[in-house]
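Structural characterization, general
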Amino acid sequence: MMVKEIERSGMTVVHVANMTAVAQSIGSNRILKAYSIPAAMADMNETPEIQAKQRYQLMSRALEVLNTDIKEQTVFQ
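How each quantity is defined
Residues numbered from 1 in each chain as written. Predicted model: local features only at pLDDT ≥ 70, side-chain atom pairs only at ≥ 80, totals over all residues. Heavy atoms only, no water. Pairing = 2+ DSSP bridges. Helix = DSSP H or I, 4+ residues; strand = E, 2+ residues; numbered from the N terminus. Right-handed = clockwise from strand over helix to strand, strands pointing away. Axes fitted to C-alpha atoms, helices over the stretch in contact; angles between N-to-C directions. Patch = residues over 30% accessible without salt bridge, like charges linked within 9 Å, V, L, I, M, F, W, Y side chains within 5 Å. Areas by Shrake-Rupley, 256 points an atom, 1.4 Å probe, with all protein chains shown as cover. Salt bridge = Lys/Arg side-chain N within 4 Å of Asp/Glu carboxyl O. Buried < 20%, exposed > 50% of the residue type's maximum accessible area, 1.4 Å probe, protein only.

**Comments concerning the pairing of strand 1 (residues 14-17)**
Across four bridges, the pairing between strand 1 and strand 2 (residues 30-33) is parallel. Paired with Val-16 across the strands is Leu-32, a residue of strand 2. Assessed by its sense of winding, the connection that carries the chain from strand 1 through helix 2 (residues 20-25) to strand 2 is right-handed.

This is the structure:
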């Protein structure tokens, strides 16, 4: 998986995934739970304005996770 190859090069990665069990099985270290399978970054039932806020919040959370020290594979909400 691409996440593992990027980490192997020495870069820290946050894997934003809607199916966290799959992300865990491939060995991703920092996993951030996404919204859903059809639209990982936002709830498609919401208005475009709310979706934009959801995407912003998810990416802000990803930056927090990126700066979090971990010792083992971790799933963040």
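From this point on, the discussion continues.
**Examining the sheet that holds strand 1**
Pairing within the open sheet is parallel, and its three strands lie in the order 1-2-3. Sheet topology places strand 1 and strand 3 (74-76) at the edges, where each strand pairs with a single neighbour. Between one strand axis and the next, the sheet turns through 30 degrees on average, direction left out of account. Pairing between strand 2 and strand 3: three bridges, direction parallel. The residue bridging Ile-31 from the neighbouring strand is Val-75, located in strand 3.

**Side note on a nonpolar patch on the surface**
A cluster of nonpolar residues, Met-19, Val-22 and Ile-37, forms a patch on the protein surface that exposes about 280 Å² of accessible area. Checked against the element boundaries, Ile-37 lands in the loop between strand 2 and helix 3 (48-66).

**A few points about the pattern of salt bridges**
Scanning the entire structure with this criterion turns up three salt bridges. As a salt-bridge pair, Arg-8 and Glu-5 come within 2.8 Å of each other at their nearest N and O atoms. Note that Arg-8 and Glu-5 are positioned in helix 1 (residues 2-8) at a spacing of three residues, about one turn of the helix. Across the pair Glu-64 and Arg-61 runs a salt bridge, and its minimum N-O distance is 3.0 Å. Taken together, the residues span about one helical turn, with Glu-64 and Arg-61 both in helix 3 at a distance of three residues. Overall, Arg-61 belongs to the partly exposed group, its relative accessible area being 27%.

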